[in-house]
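The residues making up each chain are set out below.
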Protein chains: 4
Amino acid sequence: MSGNTFGSVFRISTFGESHGEAIGGVIDGCPSGLNIDLEAIQAEMDKRKPGQSNIVTQRKESDKVKFLSGIFEGKTTGTPIGFIIENENQKSKDYSHIKDVYRPSHADYTYEKKYGHRDYRGGGRSSARETASRVVAGAIAKQILNTITITAFTTSVGDICLDKPYQKLNFSKIEDTPVRCPDKETAEKMINKIQDVRKQGDTIGGVVSCVIQNVPIGLGEPVFNKLHAELAKAMLSINAVKGFEYGSGFQGTKLKGSQHNDLYYPDGSTRTNFSGGIQGGITNGMDIYFKVAFKPVATIMQKQEALNNRGDLTMMQGKGRHDPCVVPRAVPIVEAMAALVLVDYMLLNNMYK
Amino acid sequence: MSGNTFGSVFRISTFGESHGEAIGGVIDGCPSGLNIDLEAIQAEMDKRKPGQSNIVTQRKESDKVKFLSGIFEGKTTGTPIGFIIENENQKSKDYSHIKDVYRPSHADYTYEKKYGHRDYRGGGRSSARETASRVVAGAIAKQILNTITITAFTTSVGDICLDKPYQKLNFSKIEDTPVRCPDKETAEKMINKIQDVRKQGDTIGGVVSCVIQNVPIGLGEPVFNKLHAELAKAMLSINAVKGFEYGSGFQGTKLKGSQHNDLYYPDGSTRTNFSGGIQGGITNGMDIYFKVAFKPVATIMQKQEALNNRGDLTMMQGKGRHDPCVVPRAVPIVEAMAALVLVDYMLLNNMYK
Amino acid sequence: MSGNTFGSVFRISTFGESHGEAIGGVIDGCPSGLNIDLEAIQAEMDKRKPGQSNIVTQRKESDKVKFLSGIFEGKTTGTPIGFIIENENQKSKDYSHIKDVYRPSHADYTYEKKYGHRDYRGGGRSSARETASRVVAGAIAKQILNTITITAFTTSVGDICLDKPYQKLNFSKIEDTPVRCPDKETAEKMINKIQDVRKQGDTIGGVVSCVIQNVPIGLGEPVFNKLHAELAKAMLSINAVKGFEYGSGFQGTKLKGSQHNDLYYPDGSTRTNFSGGIQGGITNGMDIYFKVAFKPVATIMQKQEALNNRGDLTMMQGKGRHDPCVVPRAVPIVEAMAALVLVDYMLLNNMYK
Amino acid sequence: MSGNTFGSVFRISTFGESHGEAIGGVIDGCPSGLNIDLEAIQAEMDKRKPGQSNIVTQRKESDKVKFLSGIFEGKTTGTPIGFIIENENQKSKDYSHIKDVYRPSHADYTYEKKYGHRDYRGGGRSSARETASRVVAGAIAKQILNTITITAFTTSVGDICLDKPYQKLNFSKIEDTPVRCPDKETAEKMINKIQDVRKQGDTIGGVVSCVIQNVPIGLGEPVFNKLHAELAKAMLSINAVKGFEYGSGFQGTKLKGSQHNDLYYPDGSTRTNFSGGIQGGITNGMDIYFKVAFKPVATIMQKQEALNNRGDLTMMQGKGRHDPCVVPRAVPIVEAMAALVLVDYMLLNNMYK
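Definitions and cut-offs
- Residues numbered from 1 in each chain as written.
- Chains lettered and ligands numbered in written order.
- Predicted model: local features only at pLDDT ≥ 70, side-chain atom pairs only at ≥ 80, totals over all residues.
- Least-squares fit on C-alpha atoms with pLDDT ≥ 70 in both.
- Contact = placed C-beta atoms within 7 Å.
- Nonpolar A, V, L, I, M, F, W, Y, C, P; charged D, E, K, R; others polar.
- Buried ≥ 20, exposed ≤ 12 C-beta atoms within 10 Å, placed from the backbone.
- Helix = DSSP H or I, 4+ residues; strand = E, 2+ residues; numbered from the N terminus.
- Axes fitted to C-alpha atoms, helices over the stretch in contact; angles between N-to-C directions.
- Left-handed = near helix turned anticlockwise from the far one by under 90°.
- Pairing = 2+ DSSP bridges.
- Core = buried A, V, L, I, M, F, W, Y, C linked by C-beta atoms within 7 Å.

### Side note on the relation of the copies chain D and chain B
Then, number 1: Of the two same-sequence chains, chain D is brought onto chain B (RMSD 0.0 Å, axial shift 0.0 Å) by a rotation of 180°. On the angle and the small slide along the axis, the relation comes out as a two-fold axis. For chain D, the minimum C-alpha distance to the rotation axis belongs to M351(D) and amounts to 2.3 Å.
Then, number 2: Same-surface contact between copies: 100% of interface residues of chain D are shared with the interface of chain B.

This is the structure:
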């Protein structure tokens, strides 16, 4: 209710502020008997962690996950998996200048008005540091999903856009560049773009695409909990996200029904896939694909006007170490949230088998 | 869990198939002592009902709501509000030809695979007829929201697009045309477009915009239940929706932080509103605005290939009375879902006052 | 949240006041493909309905259930099952004398204070008439549970107590007497007791026992949602219930561990069953058994003091037609609630198979 | 769903096994701006912790709570409160003898059957060690409840029973004896009883009573979520609990309505309080009181037959350090769970003010 839990039967509850002692979470509803691959979890964490390349924030965090429960002799027991990630590199003094100040387009002002009392250091609870806990849960979800593959990658940075359909991309190239765009030429342009805006002390937005393959038929619940509705919520819950579209998306609104309808093959698969793998909220076995829009990071290294708690406009400049573009580090978060949605609906679907 | 309930504390559970005896719902968590304006509810229903103009389906349903509980002497009692809407105009024989057939881009195939047994008549549970119950609940929610206004309107039909910012529109003109676009000139083009595609036996998609004004500061929950995340889920749960964006949306990804940040006035309001009235998932008192993409209706009046349950491809043609464009009738549904989200978060916020 | 929904994945939401047009409910999460035995449902309803014998209220209600959705060609479709039961025999004028009056030990006063505005007729929402909807849902749940049998019966009326262990009872005799006690001699004493108190214009309490047999191993969730905890909540949610005990119950507190421990047979069954079929919140395959305490009905046909909304004490006398003892009609309600709990946990357990 | 979360808006999710690295929890929905009294929390912990007196287990745990989030500069921020309690005194080798053995009347067998893979050490997740996390959350809940007082005490140990009504007891004496019975004479008998059974290597059950005073009118939700139904669930979720009764309880079933009805004073309070402060599931402002039955601890220091995972009956004897009677240490747990229920319903009630 208070917004810190995601999922209906496979559930992750997260806690923690960016400059507290630790962040962490509790995963409830994980099946028992699952061999946990700890290295695979850490590999996902490493894709999200700061300092991983020269186009992301240079803040250093090892982001090592410490599991406290729910795993015994390497296997899950069906009991809740509690875990923490320590906050190592807390330069809290970097934030003393914003103690009484509401940075523009940050959550400082709204948290202050809603809660009255807030941990202002590094955004506190509203910091994207919270997403590290999502990546832990998502990495476990992926191990349950097994043959279902979830692949996210960068589609655009500012106006640099990858225009190829995903079927023409080689997903094995995604990790070849720090920007996580599988097309080398476009990736280089994106990297240049990010380095340009960073030099200006500025930031830039972008789009992450995600493709889910080998999806069984029948996942999803009708009416309010359509699979794509839950995916939309999952994605919009990620910091800085402004939009979501799946299948034909906004472009599809320009098509006629005769163009847009996905005709069948005799085996139930379809010739086209404008539906994005979901009909009536339920998977039809075709690939699910969707796009997620990320706004430019609000913290810029330029002077700009902020508001303080006495109602004065005051000039401030971002300090600390921030991302010039959130998109490269958002890729594993998009995958994690997609995995959490999928595993939840897979378990729900199991109930009636 | 099974997807037929929306909301956390103000909750609507709906039931009913398009060709059953009745559809309906239960609203739980409605405050007591509210004077219910039944005419206002029916007025919302009339905006959604079939047969209201010559650019929508000519099916006839009076869509009269019958309240069974929760209202006593004209006022709510705080107990659940049960209601039904009878299905009057059930030409079920219109659907005998699809008994064993999966129409392309419909939910026929996925429901069959998920449930094994389905009411195929008129789409059964997957029919947008279900949204009538949402409009009932939304109309009550609006009465609770009181001074918060929710205004949806048609922004595009196919490639006919209303390009003005909402601040330049006169919302009082929305109901002047059956397409519900407040700009007369654009509205006429949209109507012509719809009539064209209908003559072709075809259908067309479109976009609905929604603006929420007079919003109190502090609505929304952080992390997973951000206000815009719940709005996204609410919108994507509407039949035929493929995308959602709020504030600067997908276009905002092309901007730099220095352009996109909303600088403050001393009173806490902002000079620009790329944030769409929400920062960190919580309202900041500025207008909320968002767009919702609707695909073209799948049922077309042209011959096209379908799949039957024996695995044969078979030619079929839509019968019955269908919308050539869902957007005009979707406008009140978008408002209803927005109202349900807002009232839920308003009540949640009350808890801590 | 507002208390009108029960269950986590098999969920019943009820609505309706005793003197409104109808009561009803929505069952969500029912598996598809279930052949619904409508006669079996009505048979359960008939066990609960007023006027069934001369030891219960003589109010007349046919209590016919009308299903509106979720069942197609006699089988469930997996979509929500909406149903209504019309209120036929609404002698609302019987209640005009309590419009401004709070009857002792009724919910009149607390509803007035909580909601400000209430339907006072016949107790409105707080009337046990609401339990008719539970019996509908429970009857469907029983059909899903199939070989799991749930048997409730009357154990005591006032100080007339059936002292035999349930293993010595012949459950087929339960319906032989209107008091639903399987021991004929005790049943007769109970009936006499009820007739005595009725002649005095008084009422009397009692205890219902319930035995659940053929239970699979592994139902139940640990920690907060232990199976017996949910059973306790289910039972305490029934009107007039004051207590719940399972297995050895309150008497078991007097035993030593060496007496109370249930030693195993090699097949995992136990020699004794003080545990009541549940260990650590999870079924062990032995019979579940529990007792439910019902207070005497508050409405008596004697003059007694009530309070009106002006703060005056005022003499009043019960009118209308009331039960001298709620226990005989509570038997099917106890079974229904037990069935709802069991089916919910059965589905939850299926998720991990 | 999986049972590790309690509450609807004030929610505690717990994790941890008795012999893992740590147990802990996440409290979500705590109001912001609350000055947290850490000493008061530790004081509650100390009432529950092992080794506190010579009638409880001599296992040593300091049970120090470490808060990781949600508290900033001594005050809550409205964000989730994550906390851990380290497991210090893990003599895991004490449990090697039960690795493949199911102890009678323990959850070993049912966990094995449900999950296939379990942490057998010290009962793992099914250990009452988990209740330490409940006490943390309950202690915070008490600070929110403020003037509402919750007082639990020992009413019986085996057949030694405190027969006075709670109004005749001096609650300030509860902590005078390690058995937590406020009547000194009875307390001594109870202590002797516990020492006797311990000498025999045996255990004994008992009853805890709880009284809640200064309760506002209007807490509770009708129908399924009646306040007493949720209290029942809360209590039955505590390890070893077999029964719950409130107000007149099981004894009340023997009374007539004319005896049992609570007549009003003009101010709405009642002359008697058989209702236990709750009518129709909603508080009426009178004291809430209830009793909770605890079975004898299953682990005894005598030889008894157990079952191993090969289907052999095998003699075993309890090792380690166990409670001869759980009741003295259960007193703070009963209070904690009651506080969690009350604060949840208080927040729910706030929504509609």
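### A look at the relation of the copies chain D and chain C
Then, number 1: For these two chains of identical sequence, chain D goes onto chain C by a turn of 180° and a shift of 0.0 Å along the axis, with RMSD 0.0 Å.
Then, number 2: Mapped onto chain C, 99% of the interface residues of chain D again fall at the interface, so both copies present the same surface.

### Overview of the interface of chain D and chain B
Then, number 1: Across the contact, seven residues belong to chain D and seven residues belong to chain B.
Then, number 2: Here the side of chain D that touches chain B is composed, by residue class, of five nonpolar, one polar and one charged.

### So, helix α5 (residues 227–236) of chain B
Then, number 1: Across the ten residues that make up α5(B), a large majority, ten, are buried.
Then, number 2: Along α5(B), the residues that are buried comprise L227(B), H228(B), A229(B), E230(B), L231(B), A232(B), K233(B), A234(B), M235(B) and L236(B).

### Some remarks on the packing of helix α5 (residues 227–236) of chain C against helix α7 (residues 327–350) of chain C
Residues and elements named next belong to chain C.
Then, number 1: At a minimum axis distance of 9 Å, the contact between α5 and α7 shows a crossing angle of 145°. The handedness of the crossing between α5 and α7 is right-handed. Seen from α5, the contacting residues are L227, E230, L231, A234 and M235; seen from α7, they are V334, M337, A338, L340, V341 and Y345.
Then, number 2: Looking at side-chain class alone, the contact of α5 with α7 contains ten nonpolar, no polar and one charged residues.

### Let's talk about the environment of I36(B)
Residues and elements named next belong to chain B.
Then, number 1: Note that I36 resides in the loop between β3 (22–28) and α1 (38–48).
Then, number 2: Using a count of 18 C-beta atoms within 10 Å as the deciding quantity, one classes I36 as partly exposed.
Then, number 3: For the pair I36 and E73, spaced 37 residues apart in sequence, the C-alpha to C-alpha distance is 9.8 Å.
Then, number 4: Residue contacts for I36: discarding those within four places in its chain leaves I71, G74, K75, T76, I140 and Q143.

### With respect to the sheet that holds strand β12 (residues 241–246) of chain D
Then, number 1: As summarised here, the arrangement of the ten strands in space is β10(C)-β9(C)-β11(C)-β15(C)-β12(C)-β12(D)-β15(D)-β11(D)-β9(D)-β10(D), forming an open sheet in which the pairing is antiparallel. Where the open sheet ends on each side, the last strands, each with one partner, are β10 (160–161) of chain C together with β10 (160–161) of chain D.
Then, number 2: Note: strand β9 (residues 149–157) of chain D against strand β11 (residues 206–213) of chain D, eight bridges, orientation antiparallel. Note on β11(D): the bridge partner recorded for T154(D) is V208(D).
Then, number 3: Where α7(C) meets the sheet, its contacts fall on β9 (149–157), β11 (206–213) and β15 (288–294) of chain C, and the angle it forms with β9(C) comes to roughly 145°.

### Points about the interface of chain D and chain C
Then, number 1: Contact residues are listed per partner, giving 91 residues for chain D and 90 residues for chain C.
Then, number 2: In terms of residue count, the dominant contributor to the side of chain D that touches chain C is helix α5 (residues 227–236) of chain D (six residues).
Then, number 3: Tallied by class, residues from the side of chain D that touches chain C come to 35 nonpolar, 38 polar and 18 charged.

### A word on the nonpolar core
Then, number 1: By size, the foremost hydrophobic cluster in this structure holds 400 residues, and its most contacted members are L340(A), V334(B), L340(B), L340(C) and L340(D).
Then, number 2: When near neighbours in sequence (up to four residues on either side) are disregarded, L340(D) contacts F6(D), G7(D), F10(D), I12(D), A137(D), G138(D), A141(D) and A234(D).

### A few points about the pairing of strand β3 (residues 22–28) of chain C
Residues and elements named next belong to chain C.
Then, number 1: Within β3, six of the seven residues are buried, which leaves the element mostly enclosed by the surrounding structure.
Then, number 2: Sheet topology places strand β2 (residues 11–15) next to β3; five bridges connect them, and they run antiparallel. Paired with T14 across the strands is G25, a residue of β3.
Then, number 3: Linking two consecutive strands that pair antiparallel, namely β2 and β3, is a turn of six residues; a positive phi of about 115° is found at G16 within it.
Then, number 4: Pairing of β3 with strand β7 (residues 81–86) involves six bridges; the strand directions are antiparallel. Its bridge partner being in β7, G24 is matched across the sheet by I84.

### So, the environment of E230(D)
Then, number 1: Inspection of the secondary structure puts E230(D) in helix α5.
Then, number 2: When sequence neighbours within four positions are dropped, the list of residues in contact with E230(D) reads K233(C), N225(D) and V341(D).

### Some thoughts on the sheet that holds strand β9 (residues 149–157) of chain B
Then, number 1: Taken in spatial order, the ten strands line up as β10(A)-β9(A)-β11(A)-β15(A)-β12(A)-β12(B)-β15(B)-β11(B)-β9(B)-β10(B) in an open sheet, and their pairing is antiparallel. Because the sheet does not close on itself, it has two edges, and the strands there are β10 (160–161) of chain A together with β10 (160–161) of chain B.
Then, number 2: Of the pairings in the sheet, the one linking β9(B) to β10(B) comprises two bridges and is antiparallel in character. Opposite V157(B), over in β10(B), you have I160(B) as the bridge partner.
Then, number 3: Packing of α5(B) onto the sheet brings it into contact with β12 (241–246) of chain A together with β12 (241–246) and β15 (288–294) of chain B, and relative to β12(B) it is tilted by some 155°.

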